[in-house]
There are 2 protein chains.
Amino acid sequence: MPNDNKAYAKREKAYMNGTLFPDVRVGMIKVNLTPTVTRDERGIPRTEPNAPVYIYDTSGPYGDPDYKVDLKKGLPRLRQRWIDERAGQDRTPTQMAYARAGIITPEMEYVAIRENMNCRELGIESHITPEFVRDEIACGHAVLPSNINHPESEPMIIGRSFAVKINTNIGNSATTSSIDEEVEKAVWSCKWGGDTLMDLSTGNNIHETREWILRNCPVPVGTVPIYQALEKVNGRVEELTWEIYRDTLIEQCRQGVDYFTIHAGIRLKNVHLADNRLCGIVSRGGSIMSKWCLLHNRESFLYEHFDDICDIVSRYDVALSLGDGLRPGCTADANDAAQFAELDTLGELVERAWNKDVQAFIEGPGHVPMHKIRENMERQIKSCHEAPFYTLGPLVTDIAPGYDHITSAIGGAQIAWLGTAMLCYVTPKEHLALPDKEDVRVGVVTYKIAAHAADLAKGHPGATIRDNALSKARFEFRWRDQFHLSLDPERSLEYFEQAGHTEGEYCTMCGPNFCAARLSHDLRKLGKK
Amino acid sequence: MPNDNKAYAKREKAYMNGTLFPDVRVGMIKVNLTPTVTRDERGIPRTEPNAPVYIYDTSGPYGDPDYKVDLKKGLPRLRQRWIDERAGQDRTPTQMAYARAGIITPEMEYVAIRENMNCRELGIESHITPEFVRDEIACGHAVLPSNINHPESEPMIIGRSFAVKINTNIGNSATTSSIDEEVEKAVWSCKWGGDTLMDLSTGNNIHETREWILRNCPVPVGTVPIYQALEKVNGRVEELTWEIYRDTLIEQCRQGVDYFTIHAGIRLKNVHLADNRLCGIVSRGGSIMSKWCLLHNRESFLYEHFDDICDIVSRYDVALSLGDGLRPGCTADANDAAQFAELDTLGELVERAWNKDVQAFIEGPGHVPMHKIRENMERQIKSCHEAPFYTLGPLVTDIAPGYDHITSAIGGAQIAWLGTAMLCYVTPKEHLALPDKEDVRVGVVTYKIAAHAADLAKGHPGATIRDNALSKARFEFRWRDQFHLSLDPERSLEYFEQAGHTEGEYCTMCGPNFCAARLSHDLRKLGKK
């Protein structure tokens, strides 16, 4: 985020330090605002300062102009010392295990500060304390993804008592893009606000690409290990085995992947429930495992070895994202027997994960019309014992390919308000093509809107501060402040400048006579007389 | 909508005729689908036809390749004979007066067919009959805008028992665009699905521009007459008078404007309620009338002459859109005393309109966070006696200038689900600049998404048919069918082709091994063995 770009001129990287742990240093964006200037009846100006606004920042060191990017060296190992200091303890090294033992980790204080920046500065009380974070992790209501081998990742938390998060996807296609390009894409999605990143690469160089991404990614990284396992058997589903899968898991645990999507909820007895669907099975992992079950006519190795999986990931604190392999692929298939049967299985599995101190969350749909969203959320909370929910959208209608970032943001905002903790972004190219950089930007910003709208509706502490600061700037014609506070300062400035507008007490859209804000200021003067 | 564009190759203009009135001829889009081809175990193909899908069409004669556009001549006067035949009756010539007298007009049968195209073809029962339409208009729950001097307009209905409609805005700016351009913009917004069109022009040539638009516009046209009245006094609010306003109303009634936004809800006693708002008054008409009230320290002439206004518009069947001059301009101001005080006044006014057989609907916000949307809708229904609600968005957060089509579509979908009858579109340029053609397209399609999502959630008869047809096409790799059924066939085809995809039983996004739909088809074959 170069500060020589005038769209960012009033933004700066700032840091807040921990109280429990002085070496906790949380990066954020500080937006410095210009003062409000009013004039009295004699035209004498009076100036009132506007407090700076802090913005949750996912760009990591890349957003700091003092940081020199060196992809070969990788990012600073922010969490290394905390991890090393705990290594001596004779305990499963997961945040859940520490939380249950009553231990507040530096990561927990980090996220408490990160969720509370504006409240802390303005002295507003917030329920989000380090102790609250610990408690939410202990009971499984929140997940703090933090593979001990990904110390570059800045701590963040996924749970419905916290700000709604968004995940972005990248993935190299068969026609291999270069590793530089992949890293660039990862950094790009973090710049716009992606909270976690899933590497869905298939094809060659999958290990090496992931290594570069992990060493240079400031947010938790997720993968779907069955993709790499399938590559190892050259795409032949029937040749997948537990052993191949297990070795893939271990390989990725060691590299530092922070969470795995695992489609262990596919049960042999439930596969047929999707037979009469309009769109069958649309989850890649779900269709792979369903095919395996039918070909071998046996329960999937993911379900059968689920406890083994937990034993492996618990040694690295990799969180499990329990995949919804039977998620609906169209509105007609929403909330059907197949989806809810799998959800019940996921509820069973999440308890098994918790029994081994493994952090876990649950993936959700997909395509759901608005009137069925609440049922989805309520059943998830009940069936899965309040484990965090992580949904793809949902898309609330099927008729808008080319605009599915919007169909899904409508559903995403609603399900997040009702309790979903993290939304997986959707880009305009969904169903049609792989996203380019501009699609990623639009997808991320669209999902930041959905997530923030939900934070407002849920009453997340301090969520209204940025809205109100921006609206005040808008009403007072502090155009630059408005843009600097926005989700996409570059775009808003671009539109404003393209139109040839000048900064002043109206804009050329309506002209001075038809400017409601200007008239409204006149009114206040009239009222005071 | 040129049929030589391959994005529309499978679409054709079709017509359905009335039963009560044989000269009722409702235009629509017919999407002809290719058959589903399956292969049995021996590879022998079996073909099953897919029924055509009908799409509500707002493009009017422009969508018919047999129609020759002649802007000087104007569109065919579709409703002229019906209007002439009723002219002899000694009755207020409004659809509401006819409805209350138990008369079903050709316009009412027209909209009943238009709301029911797919149900009619597929033999699905629907509650939307001509008699139901009459009843909804009679009790004020629905409005059928139909100025007797705008016979070119195709009948459409606004009410919560019907499909959610969307309004688009055009308006020439001070730097006058040509009249051709304005008409082109009007036709453009109808092409993408605008159900009504508001001409918000200010500046010179306002009368002539409107004349060209009216004579060439196939959808109802609305205006805000105070804008033209203010031009007549050279922008000096204090010089506005009832007489100038009245003459402007009559001028526009005669031209054929179908509905007027009238900010008669601004009461002198309520203006001060906006004093402590973060963003004051953001409605142009609202700020003009508030300023007038304060300058003269008296009740507005719009409120005082409201019965006179009704007498005038009732002679032409111009509907009233009761403007929300005190709508909130930021989320912080939502649902406040100012907004709700005005809503109570609008409830009083709508009854006064109904007393004179004048059709009316109520305008609504604006900026409302999600958790306050339901209260807004419920209070409107109660305070305004179930008159149709027509909202701008609402935007559910203030932090995304450049993306406010999305922030507002999230709120629009929800409030429409809860009962709002028509949504006023918002483009990506909202708050920043005037929209260009591409912004209009994106704004309209975004709002078609919100409206249709609400239709699905409300269970509008036949609403699921298009979704399911598109999803079935997607699952069966009938790519062209998918695009032809979509809200924007050009864009979806463009994205698909740009990516170099070829039509086949998977696409290059995932490749054959990772194509869930392809795997899912394999599963069905496995299941049958």
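Residues numbered from 1 in each chain as written. Chains lettered and ligands numbered in written order. Predicted model: local features only at pLDDT ≥ 70, side-chain atom pairs only at ≥ 80, totals over all residues. Heavy atoms only, no water.

1. Things to note about the overall build of chain A
Short version of the rule: Numbering of helices and strands starts at the N terminus; helices are DSSP runs of H or I of at least 4 residues and strands are runs of E of at least 2. Atoms considered for the radius of gyration are the C-alpha atoms alone. The globule rule reads 2.2 Å times the number of residues to the power 0.38. Think of it in three bands: with a 1.4 Å probe and only protein chains considered, a residue is buried below 20% of the maximum accessible area for its type, exposed above 50%, and partly exposed in between. A contact between two residues is defined here by any heavy atoms of the two lying within 4.5 Å. Residue exposure ignores everything except the shown protein chains as possible cover, and the areas themselves are Shrake-Rupley values with a 1.4 Å probe. Asp and Glu are treated as the negative residues and Lys and Arg as the positive ones, with His and the ends of the chain left uncounted. Each charge is placed at NZ for Lys, CZ for Arg, CG for Asp and CD for Glu.
From N to C terminus, chain A includes 21 helices and 15 strands. The C-alpha atoms of chain A give 24 Å as radius of gyration, which agrees with the globular expectation for 529 residues (24 Å, within 12%). Taken along the three principal axes of its C-alpha coordinates, chain A extends 85 × 55 × 45 Å. Counting the 529 residues in chain A, one finds 65% classified as buried. Taking as baseline every contact in chain A between residues at least 6 positions apart, the subset at least 24 positions apart corresponds to 72%. Split by element, the accessible area of chain A, about 18200 Å² in all, is 48% carbon and sulfur. Once the 61 positive and 74 negative side-chain charges of chain A are each reduced to a mean point, those two points are 5 Å apart.

2. Quick word on the packing of aromatic side chains
All names here are of chain A. Put simply, the rule is: By convention, a stacked pair of Phe, Tyr or Trp rings (six-membered ring in the case of Trp) has centres within 6.5 Å and planes under 30 degrees apart, an edge-to-face pair has planes over 60 apart, and any other such pair is tilted.
One pass over the structure, following the stated rule, counts 24 aromatic pairs over all chains. Geometrically, the ring pair formed by Trp242 and Tyr245 is tilted, given 6.5 Å between the ring centres and 35° between the ring planes. Taken together, the positions of Trp242 and Tyr245, both in helix α9 (residues 242–255) and three residues apart, correspond to about one turn of that helix. For the pair Trp242 and Tyr245, one class covers both residues: buried.

3. Points about the sheet that holds strand β15 (residues 422–424) of chain A
All names here are of chain A. Note the cut-off: Any two strands are treated as partners once DSSP identifies two or more bridges connecting them. Angles run from 0 to 180 degrees between N-to-C directions of axes, and those axes are lines fitted to C-alpha atoms, restricted for helices to the stretch in contact.
One closed barrel holds the eight strands; their spatial order is β8-β9-β10-β11-β12-β13-β14-β15, and the pairing between them is parallel. Here the average twist between neighbouring strands, direction ignored, is 25°. Note: strand β8 (residues 165–170) against β15, three bridges, orientation parallel. Its bridge partner lying in β15, Asn167 is registered against Cys424.

4. What about the interface of chain A and chain B?
Heads up, the condition is: Using a 1.4 Å probe, buried area is obtained as the accessible area two parts lose upon being combined, added over both of them. Any Lys or Arg side-chain nitrogen found within 4 Å of a carboxyl oxygen on Asp or Glu counts as a salt bridge. Polar contact is defined as a pair of N or O atoms within 3.5 Å, subject to the rule that within protein one atom must be able to donate a hydrogen and the other to accept it, and that residues adjacent in sequence are counted only when both atoms are side-chain atoms. Residues were grouped as follows: Ala, Val, Leu, Ile, Met, Phe, Trp, Tyr, Cys and Pro as nonpolar; Asp, Glu, Lys and Arg as charged; and all remaining residues, including Gly, as polar.
Facing 97 residues of chain A, the contacting portion of chain B comprises 96 residues. Around 7900 Å² of area is buried between chain A and chain B when both sides are counted, 71% of it from carbon and sulfur atoms. For the chain A face of the interface with chain B, the top three residues by lost area are Ile399, Tyr403 and Phe514 of chain A, together amounting to 11%. Where chain A touches chain B, the interface holds two salt bridges. For Asp522 of chain B, the salt bridge goes to Lys291 of chain A, with nearest N and O atoms at 3.3 Å. Our count for the contact surface shared by chain A and chain B stands at 22 residue pairs in polar contact (both at pLDDT 80 or more). With 10 residues, helix α17 (residues 437–458) of chain A is the largest single contributor of residues to the side of chain A that touches chain B. Residues belonging to the side of chain A that touches chain B are distributed by class as follows: 52 nonpolar, 28 polar and 17 charged.

5. Re helix α1 (residues 80–87) of chain A
Helical geometry note: an α-helix holds 3.6 residues per turn, so side chains three or four residues apart project in the same direction. Residues and elements named next belong to chain A. The criterion, for reference: What the arc describes is the spread of directions from the helix axis to the C-beta atoms.
Residues of α1 that are buried: Gln80, Trp82, Ile83 and Arg86. Relative to the axis of α1, the buried residues are bounded by an arc of 165° and lie together on one face. Looking at the packing, one finds that the buried side of α1 touches α2 (95–100) and α3 (106–115).

6. Digging into the relation of the copies chain A and chain B
The condition that has to hold: The superposition of copies rests on a least-squares fit of C-alpha positions from residues with pLDDT of 70 or more in both.
In screw terms, the move from chain A to chain B is a rotation of 180° and a rise of 0.0 Å along the axis, fitting with an RMSD of 0.0 Å. Viewed as a symmetry operation, the transformation between the two copies matches a two-fold axis. Judged by C-alpha distance, Ile410 of chain A is the residue of chain A that lies nearest the rotation axis, at 2.3 Å. A high fraction, 99%, of the interface residues of chain A reappear at the interface in chain B, so the copies pair face to face through one surface.

7. Some words on the pairing of strand β12 (residues 319–322) of chain A
Residue and element names in this part refer to chain A. Rules: Orienting the strands away from the viewer, one traces the path from the first strand over the helix to the second; a clockwise path indicates a right-handed crossover.
A two-sided burial pattern is seen for β12, the buried positions comprising Ala319 and Ser321 on one face and Leu320 and Leu322 on the other. The pairing of strand β11 (residues 259–262) with β12 spans four bridges and is classified as parallel. When the sheet's bridge partners are listed, Thr261 is paired in β12 with Ser321. Looking at chain direction, β12 and strand β13 (residues 360–364) are connected through three bridges and run parallel. Of the residues in β13, the one forming a bridge with Ser321 is Phe361. Once the chain exits β12 it traverses helix α14 (residues 337–355) before rejoining the sheet at β13, and the crossover so formed is right-handed.

8. Let's talk about the state of the cysteines
Heads up, the rule is: Counting rule for disulfides: a pair of cysteine sulfur atoms within 2.5 Å.
Counting across every chain of the model gives zero disulfides over all chains. With no disulfide of its own, Cys119 of chain A lies closest to Cys330 of chain B among cysteine sulfurs, the gap being 19 Å. Looking at Cys384 of chain A, it has no disulfide partner, and the nearest cysteine sulfur is the one in Cys310 of chain A, 14 Å off.

9. Considerations on the environment of Val442 of chain B
Residue and element names in this part refer to chain B. Along the chain, the position of Val442 falls in helix α16 (residues 437–458). Counting along the chain gives 19 residues from Val442 to Pro461, while the straight-line C-alpha distance between them is 27 Å. The residues contacting Val442, other than those within four sequence positions of it, are His405, Pro428 and Arg491.

10. So, the packing of helix α16 (residues 404–418) of chain A against α16 of chain B
Definition in use: For classification, angles of less than 35 degrees are called roughly parallel, those exceeding 145 degrees roughly antiparallel, those between 65 and 115 degrees roughly perpendicular, and all remaining angles oblique. In this scheme, a crossing is called left-handed if the near helix is turned counterclockwise away from the far one by less than a right angle; it is called right-handed if the turn is clockwise.
The contact between α16 of chain A and α16 of chain B brings their axes to 10 Å, and the two run at 40°. By the criterion of interaxial angle, the relationship of α16 of chain A to α16 of chain B is oblique. Between α16 of chain A and α16 of chain B lies a crossing whose hand is right-handed. On α16 of chain B, the residues touching Ile406, Thr407 and Ile410 of chain A of α16 of chain A are Thr446, Ile449 and Ala450 of chain B. Its residues assigned to classes, the contact of α16 of chain A with α16 of chain B shows four nonpolar, two polar and no charged.

11. Things to note about the pattern of salt bridges
Residue and element names in this part refer to chain A. By the definition in use, this model includes 88 salt bridges over all chains. For Arg277, the salt bridge goes to Asp336, with nearest N and O atoms at 2.7 Å. Here Arg277 is found in the loop between α10 (268–271) and α11 (284–296), whereas its partner Asp336 is found in the loop between β12 and α14, with 59 residues between them in sequence. Comparing Arg277 with Asp336, the two get one shared label, buried. Close ionic contact of Asp311 with Lys356 constitutes a salt bridge, the shortest N to O distance being 3.1 Å. You can see Asp311 sitting in helix α13 (residues 306–314) and its partner Lys356 sitting in the loop between α14 and β13, a full 45 residues away along the chain. A relative accessible area of 30% means that Asp311 is categorised as partly exposed. Lys356 gets classed as partly exposed once you look at its relative accessible area, which sits at 28%. Here the salt bridges do not stand alone but share partners, grouping Lys10, Lys472, Glu476, Arg478 and Asp481 into one network.

12. Notes on the side chain of Arg210 of chain A
All names here are of chain A. Relative to the assigned elements, Arg210 resides in helix α7 (residues 206–216). For Arg210, a relative accessible area of 2% corresponds to the buried category. There is a polar contact of 3.4 Å between the side chain of Arg210 and the side chain of Glu251. Within the local environment of Arg210, its side chain forms a polar contact with the side chain of Gln255, the two groups lying 2.6 Å apart. In this structure, Arg210 is in contact with Asp199, Thr223, Gln228, Glu251, Gln252, Gln255 and Val257, ignoring residues within four places of it in sequence.

13. Examining the confidence of the model for chain A
Should pLDDT be low for a region, the predicted coordinates there are not to be read in detail. This is how it is decided: Every residue carries a pLDDT, the predictor's confidence in it, which falls somewhere between 0 and 100.
On average, chain A scores 94 in pLDDT, and the residues at 70 or more come to 97%. Across the interface, the model reports ipTM at 0.97; the global pTM reads 0.97.

14. Looking at the sheet that holds strand β1 (residues 11–17) of chain A
Hydrogen bonding along the main chain pairs the strands of a sheet, whether they run parallel or antiparallel. All names here are of chain A. Ordered in space as β1-β2-β5, the three strands form an open sheet in which the pairing is antiparallel. At either end of the open sheet lies a strand with only one pairing partner, and these are β1 and β5 (53–56). Within the sheet, the average angular offset between the axes of one strand and its neighbour, ignoring direction, is 45°. Examined bridge by bridge, β1 and strand β2 (residues 25–31) share seven bridges and lie antiparallel to one another.

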